[in-house]
Amino acid sequence: MVILNQTDVTPASFILNGIPGLEDMHMWISFPFCSMYVVAMVGNCGLLYLICYEDSLHRSMYYFLAMLSLTDLVMCSSTIPKALCIFWFHLKEIRFEECLVQMFFIHTFTGMESGVLMLMALDRYVAICYPLGYSTILTNPVIAKVGLATFLRAVLLIIPLIFFTRRLPYCKGNIIHHTYCDQLSVAKLSCGNIKANVIYGLMAALLIGGFDILCITISYTMILRAVINLSSADAQQKAFSTCTAHICAIVFSYSPAFFCFFFNRFGSHAIPPSCHIIVANIYLLLPPTMNPIVYGVKTKQIRDCIIKIFSGSKNIKSHSI
């Protein structure tokens, strides 16, 4: 009996095949992807600049928003540049180790995104239900600790998943029908037992996404009760308005995530793979693109800071003339 060494069935590289069935449209598909990526980079870098340099934004709500922007930047930058290389230059090869690194960043920072949205829901709960103690409860050390804990939770839960994928023997070819190294897409190329990958992946998704959604639901239930008990309609509207941008961020983040989750486990035969891959990319690209826009439009303090910067530059220009 011949015993295969794992290194003999570990490919040196994979081929990312892009969007199967739509190869002729890759160039056209690349334009909205590229446009959204540019908006995401500019918008999130702009938010980080505002939060860093504007003293009026040095509050817990905006520190959490800065965490969200950093997470969004890493999340979309982990996939879109490689996808554009596939679409534009047909550079489809990715080394095995690079594939695992990309997989780690994707899954870690999607988990981080979920965690930050949960922290922002708790922030809104404290701000509305305990307004007098808001600044004493959410101090800078507390914000740093919960942010670090959220990041470590994602890292510690994803590392075993990468290890399970690394140990698999791969003898079903090296072509991945995707634009990036998704864990299940890579594991399906294995001729070994991937049950551990599937079970642990599901458990990690429940521990991160399930726990965060539960906390968000409880937070907004308590917020709703507190707002309903307010005597003034203006006070109710003002309280709700502070949550609007965050609710939009939740919708943009979790809607495509739910689609990808249920497709991978229940609907792989009912929906074309090309549709799944497009939504999987939107899942990583839509929140980074829309979050800066939503917070810039819906948050008065950020709007005021943007107006202040642009009006200041115009005043400087007119003064010099």
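Predicted model, so just to flag it, every value in this text is computed and none were measured.

Undergrad: Can you walk me through the overall build of the chain in this structure?
TA: Each helix and strand in the chain was counted, giving eleven helices and three strands. Ordered by position from the N terminus, the helices and strands of the chain form the series β-α-α-α-β-α-α-α-β-α-α-α-α-α. Oriented by its inertia axes, the alpha-carbon framework of the chain measures out at about 75 × 55 × 35 Å. Going through the 321 residues of the chain one by one, you find that 46% of them count as buried. Look at the contacts in the chain between residues 6 or more apart in sequence, and 79% of them connect residues 24 or more apart. Entry remark: accessible area of the chain is about 16400 Å², with carbon and sulfur atoms responsible for 70%. Distance between charge centroids for the chain: 6 Å, based on 21 positive and 15 negative side chains.

Undergrad: Mind showing me how you'd approach the nonpolar core here?
TA: Soluble globular proteins tend to bury their nonpolar side chains together. Membership of the largest hydrophobic core comes to 50 residues, with the highest contact counts inside it found for Leu 65, Met 120, Ile 216 and Tyr 295. Of all the secondary structure elements, the ones that give two or more residues to this core are helix H1 (26–53), helix H2 (60–77), helix H4 (96–129), helix H8 (195–228), helix H9 (233–266), helix H10 (273–298) and helix H11 (300–320). For this core, the leading source of residues is H4, giving 13 residues. Those residues in contact with Ile 216, other than ones at most four positions away along the chain, are Leu 117, Met 118, Ala 121, Ile 250 and Tyr 254. Among the nonpolar cores identified, the runner-up in size contains 29 residues, and Ile 19, Leu 84, Ile 158 and Ile 277 belong to it.

Undergrad: Which parts of the structure should I look at to understand the sheet that holds strand S3 (residues 175–176)?
TA: Strand-to-strand pairing in sheets goes through backbone hydrogen bonds, with the strands running parallel or antiparallel. One open sheet holds the three strands; their spatial order is S2-S1-S3, and the pairing between them is mixed. Two strands lie at the open edges of the sheet, namely strand S2 (93–95) and S3, each paired on one side alone. Pairing geometry for strand S1 (residues 13–16) and S3, over two bridges, is parallel. Pairing of Ile 15 across the sheet is with Ile 175, part of S3. Packed on one face of the sheet, H4 meets S1, S2 and S3 and runs near 85° to S2.

Undergrad: When you look at the pattern of salt bridges in this model, what are you seeing that I'm missing?
TA: It is possible for side chains bearing opposite charge to pair when their charged atoms get close. Enumeration according to the criterion identifies five salt bridges in this entry. In this structure, Asp 212 engages Arg 153 in a salt bridge whose closest nitrogen and oxygen atoms are separated by 2.9 Å. With Asp 212 in helix H8 and Arg 153 in helix H6 (residues 140–167), the pair connects residues that are 59 residues apart, well separated along the chain. Residues Lys 300 and Asp 304 are paired through a salt bridge, measuring 2.9 Å at the closest nitrogen-oxygen approach. Residue Lys 300 and its partner Asp 304 are both found in helix H11; the two are separated by four residues, about one turn of the helix. Taking relative accessible area as the criterion, Asp 304 reaches 36% and is therefore assigned partly exposed.

Cut-off values and rules
Residues numbered from 1 in each chain as written. Predicted model: local features only at pLDDT ≥ 70, side-chain atom pairs only at ≥ 80, totals over all residues. Heavy atoms only, no water. Helix = DSSP H or I, 4+ residues; strand = E, 2+ residues; numbered from the N terminus. Buried < 20%, exposed > 50% of the residue type's maximum accessible area, 1.4 Å probe, protein only. Contact = heavy atoms within 4.5 Å. Areas by Shrake-Rupley, 256 points an atom, 1.4 Å probe, with all protein chains shown as cover. Lys, Arg positive; Asp, Glu negative; His and termini not counted. Charge placed at Lys NZ, Arg CZ, Asp CG, Glu CD. Core = buried A, V, L, I, M, F, W, Y, C linked by side-chain atoms within 4.5 Å. Pairing = 2+ DSSP bridges. Axes fitted to C-alpha atoms, helices over the stretch in contact; angles between N-to-C directions. Salt bridge = Lys/Arg side-chain N within 4 Å of Asp/Glu carboxyl O.

None of this, on its own, says anything about what the molecule does.
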